[in-house]
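Architecture at a glance
Spelled out from the first residue to the last, the chains are:
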Amino acid sequence: MYSQRGGSGVTLTPDIDLNACCARAYSHPAARYLLGDSLHPGGLALTEEVASDLNLTPGSRVLDVGCGPGATSLFLAKKYGATVTGVTLEEAGAAELESHARKQGLEAQIDVITGDIASVDLSPTMFDAAIAECVVSIFDDKPAVLRRIFDAVQPGGRLAISDVIVEGDLPSNLQSVFAVAGCVGGAWSLDEYVSLVEGAGFRVTRSERRKDVASSFVDGVRKKLMFAEIGVKLGKIPVELELIQQAKTYVAEARRLIDDGTIGYCVIIAERP
Ligand SMILES: C[S@@+](CC[C@H](N)C(=O)[O-])C[C@H]1O[C@@H](n2cnc3c(N)ncnc32)[C@H](O)[C@@H]1O
């Protein structure tokens, strides 16, 4: 079950297991078509931007929280020579990351753990840095997980988070849809995330709303849905047209909520004192 927001929040359908739901959704071929390999808004360009704040050098040990199929883990291993431990719920994602690591000759630098970050075995201060992209929003017990990440990062080590934010009330007719779509259901506001990260013991050095990232993400999904619609109409994609049209309606609604500031994306960089 997911937890309600930390502050004045929306009340969403309370009987949804966001962790399981997310793991299923993100290994679905439709999600890969719509999102690509990097399963978060901003893609690897945003990863590169936040990683530049992690002070990585060859051999740095990085925890990639909720790594999914591991585009970020591979990127950090290749670009910085980092040694990355990716933790993810879904076995398909873990297998994909292991296979890519082998093919790219990075297997010595990448270790994949399939399991819940809340309970997998992590030794204190074993990492120089941690990155959590589009996954804090999904955690059921956010404070407990942030404390685990804090314990696993050494003093002076950095944490980079990028995630969905919800800054107001979602329209009631869309709450159950957005509860399971795009990590919105468990998303908090930027201020709530900052308090969460500080509450775990980190010192936040940068926190910002990134409407640009949210907007271009939704516009990208809209374009892919338009191509998919053409494919369905030509009989090339075996999906019901109604589904695509419904998805287009939700995406249009998401765009409106981004424009009015209800939904967005954020970046937070923090350091363990
Ligand atoms: C939106 S995807 C992001 C994947 C990856 N961080 C990226 O940006 O490409 C969220 C991922 O977090 C993983 N996840 C969700 N809850 C988790 C948990 N409690 N422990 C470990 N992984 C989790 C899911 O399995 C999924 O792969």
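All values derive from a computational prediction rather than experimental measurement. (Residues numbered from 1 in each chain as written. Predicted model: local features only at pLDDT ≥ 70, side-chain atom pairs only at ≥ 80, totals over all residues. Heavy atoms only, no water.)

**What about the overall build of the chain?**
If you tally the helices and strands in the chain, you get 10 helices and 7 strands. Residues counted as buried form 51% of the 273 residues belonging to the chain. Of the contacts made within the chain by residues no fewer than 6 positions apart, 75% connect residues no fewer than 24 positions apart. (Helix = DSSP H or I, 4+ residues; strand = E, 2+ residues; numbered from the N terminus. Buried < 20%, exposed > 50% of the residue type's maximum accessible area, 1.4 Å probe, protein only. Contact = heavy atoms within 4.5 Å.)

**Let's talk about the nonpolar core**
In terms of nonpolar packing, the biggest core is built from 80 residues, with Leu76, Ile110, Ile117, Leu146, Leu159, Tyr193 and Phe202 touching the most fellow members. Setting aside chain neighbours within four positions, we find Phe202 in contact with Leu146, Ile149, Phe150, Leu159, Val197, Ala270, Glu271, Arg272 and Pro273. (Core = buried A, V, L, I, M, F, W, Y, C linked by side-chain atoms within 4.5 Å.)

**A closer look at the site of the ligand**
Close to the ligand lie 21 residues; Leu39, His40, Gly66, Glu90 and Asp116 are nearest. Thr88 is positioned such that a nitrogen or oxygen atom in its side chain is 3.2 Å from an oxygen atom of the ligand. Mapped by element, the contributors of at least two residues to the shell around the ligand are α1 (18–26) and β2 (83–88). With 3 residues, the top contributor of residues to the shell around the ligand is α1. By residue class, the composition of the shell around the ligand is 11 nonpolar, 7 polar and 3 charged. (Near = heavy atom within 4 Å. Polar contact = N/O pair within 3.5 Å; in protein donor to acceptor, adjacent residues only side chain to side chain. Nonpolar A, V, L, I, M, F, W, Y, C, P; charged D, E, K, R; others polar.)

**Observations concerning the packing of aromatic side chains**
All told, the structure shown has 2 aromatic pairs when counted by the stated rule. Here Trp188 and Tyr193 contribute two aromatic rings whose centre-to-centre distance is 6.4 Å and whose plane-to-plane angle is 20 degrees, an arrangement assigned as stacked. Lying over the aromatic face of Phe150, Arg272 brings its terminal NZ or CZ to 4.3 Å of the ring centre. (Phe/Tyr/Trp six-rings, centres within 6.5 Å; stacked < 30°, edge-to-face > 60°. Lys NZ or Arg CZ within 6 Å of the ring centre and 35° of its normal.)

**What to know about the packing of helix α3 (residues 43–51) against helix α4 (residues 71–80)**
Packing of α3 against α4 leaves a shortest axis separation of 11 Å and a crossing angle of 55 degrees. Here α3 is positioned oblique relative to α4, judged by the angle of their axes. Considering the relative orientation of α3 and α4, their crossing is right-handed. For the pair α3 and α4, contact is made by Leu44, Thr47, Glu48 and Ala51 and by Ala71, Thr72, Phe75, Leu76, Lys79 and Tyr80, respectively. Along the lines of polarity and charge, the residues of the contact of α3 with α4 split into 6 nonpolar, 2 polar and 2 charged. (Axes fitted to C-alpha atoms, helices over the stretch in contact; angles between N-to-C directions. Parallel < 35°, antiparallel > 145°, perpendicular 65-115°, else oblique. Left-handed = near helix turned anticlockwise from the far one by under 90°.)

**Some details on the confidence of the model for the chain**
Regions with low pLDDT should not have their predicted coordinates read in detail. Chain-level pLDDT for the chain is 87 on average; 85% of the residues reach the 70-or-more range. Between residues 7–16, whose pLDDT stays under 50, and residues either more than four places distant or in other chains, the model counts 26 contacts. (pLDDT = per-residue confidence, 0-100.)

**Some details on a nonpolar patch on the surface**
A surface patch of nonpolar side chains, about 460 Å² in accessible area, is lined by Tyr33, Phe227, Ile230 and Leu234. Tracing the chain through its elements places Tyr33 in helix α2 (residues 29–35). Residue classification places Tyr33 among the partly exposed residues on the basis of a relative accessible area of 41%. (Patch = residues over 30% accessible without salt bridge, like charges linked within 9 Å, V, L, I, M, F, W, Y side chains within 5 Å. Areas by Shrake-Rupley, 256 points an atom, 1.4 Å probe, with all protein chains shown as cover. Salt bridge = Lys/Arg side-chain N within 4 Å of Asp/Glu carboxyl O.)

**Description of helix α9 (residues 211–233)**
For α9, built from 23 residues, the straight-helix expectation of 33 Å at 1.5 Å per residue is met to within 8% by its first-to-last C-alpha distance of 33 Å. Those residues of α9 that fall on the buried side of the exposure criterion are Val213, Ala214, Ser215, Val218, Val221, Leu225, Ala228, Glu229, Gly231 and Val232. After α9 finishes, the residue Gly235 shows a positive phi value of roughly 75 degrees. (Expected span 1.5 Å × (residues − 1).)

**Some thoughts on the sheet that holds strand β1 (residues 61–65)**
The strand order β3-β2-β1-β4-β5-β7-β6 describes an open sheet built from 7 strands, whose pairing is mixed. One side of each edge strand has no neighbouring strand; the edge strands of this open sheet are β3 (110–114) and β6 (203–209). Mean inter-strand twist for the sheet, computed between neighbouring axes without regard to direction, equals 15 degrees. Sheet topology places strand β5 (residues 153–166) next to strand β7 (residues 263–271); 9 bridges connect them, and they run antiparallel. Bridging across to β7, Arg158 finds its partner in Glu271. Lying on the sheet, helix α6 (residues 142–152) is in contact with β1, β4 (127–133) and β5; it crosses β5 at an angle near 150 degrees. (Pairing = 2+ DSSP bridges.)

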